[in-house]
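Here is how the chains run, residue by residue.
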Amino acid sequence: MEPLKGNNFTVVELKEALRERELSSTGSKAELIQRLNEYDPNIWKILSENQDGIPDEQTDAEDYASIPEEHHESELRGEREDYMQRELTLIHKERELLQRERQLLCRKREMNHCASTTSITSVAGGVRNLRDLLPEFDASDNTFWRWKNQLEFFRNSYQLDDNTTRILISSRMKGRALNWFYSKAEYVTLSIEDLLQEMAQMFDSRPSKLSLRKEFEARIWKTEESFCDYYHEKVILANRVPIAEDELLDYVVEGISDIRL
């Protein structure tokens, strides 16, 4: 390869060569060439060999700079399109995930609604069945204590929770008892124990055992009634005392004042 002459080098390259040799790097390009030529006439051969050894990075940069600007823009446009395509793909995947989560939430809501409806239906059905077993309470006589015992028996036997028991109580109240229950809004929110205690204070005027026994013993078979009616009421009065079964028959016989009946 023919050595390059001074004019084939740039001013920057000439100044760099002068500084490497500790020579002045000021002046025009012609002065720089003359100064290097005076320093060493063979300097151009040395600089040419050095230029042949330019690193690949610099050569690549020069090659890249020589590429037309339109080509660079095309590459950038392609990169942007690829990036946008990847973003769109991610957006579609995120949208699919959101739709699946929404479907799962809808199914969960439906299942909860069905479970809640089933629970309410079950409670309502249970209350309707128990209503036929628990008598009404209207506070017209001294029967609260007996009605309360029946309620607690059903509550324990069927393991009723407070809400179901409260519904059952309100459904069997009539007359004065129902008016009392609705007279205060707080009664609806009381626990069952507190509610029954409030009812006991209001309605429980239970007769003494002595008076119950006297009422039982005083009950006799009346002329205008059948023996079945007499026996039925005698047994009910005996249960209130209570009277042992082996004594009950004797009391029933004693209640027949006229054997001609």
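Residues numbered from 1 in each chain as written. Predicted model: local features only at pLDDT ≥ 70, side-chain atom pairs only at ≥ 80, totals over all residues. Heavy atoms only, no water.

Peer 1: Please clarify how the overall build of the protein should be interpreted in this entry.
Peer 2: Regarding its fold elements, the protein presents 13 helices and zero strands. Scanning the protein from its N terminus toward the C terminus, one meets helices and strands in the order α-α-α-α-α-α-α-α-α-α-α-α-α. Residues counted as buried form 25% of the 261 residues belonging to the protein. For the protein, long-range pairs separated by at least 24 residues make up 52% of all intrachain contacts whose partners lie at least 6 apart in sequence. (Helix = DSSP H or I, 4+ residues; strand = E, 2+ residues; numbered from the N terminus. Buried < 20%, exposed > 50% of the residue type's maximum accessible area, 1.4 Å probe, protein only. Contact = heavy atoms within 4.5 Å.)

Peer 1: Would you explain the pattern of salt bridges in this entry?
Peer 2: Two side chains that carry opposite charge are able to pair once their charged atoms sit near each other. Applying the stated criterion across every chain, the model contains seven salt bridges. Ionic pairing is found between Arg19 and Glu16, a salt bridge with its closest N-O pair at 3.4 Å. Here Arg19 and its partner Glu16 are both found in helix H1 (residues 11-20), three residues apart, which amounts to about one turn of the helix. The partly exposed category is assigned to Arg19, whose relative accessible area is 46%. By relative accessible area, Glu16 is classed as partly exposed at 38%. Put simply, Glu225 and Arg219 hold a salt bridge, and the shortest N to O gap is 2.8 Å. Considered together, Glu225 and Arg219 belong to a single accessibility category, that of buried residues. If you follow the salt bridges from partner to partner, you end up with Arg155, Asp162 and Glu193 in one network. (Salt bridge = Lys/Arg side-chain N within 4 Å of Asp/Glu carboxyl O.)

Peer 1: Explain the UniProt feature "domain: SAP" (unreviewed entry) in the protein to me, please; I cannot follow it from the model alone.
Peer 2: Under the feature "domain: SAP" (unreviewed entry), the UniProt entry names residues 6-40. Spanning residues 6-40, this segment combines 60% helix with 0% strand, and its end C-alpha atoms are found 12 Å apart. (UniProt positions renumbered as here; feature names shortened; annotations may be inferred.)

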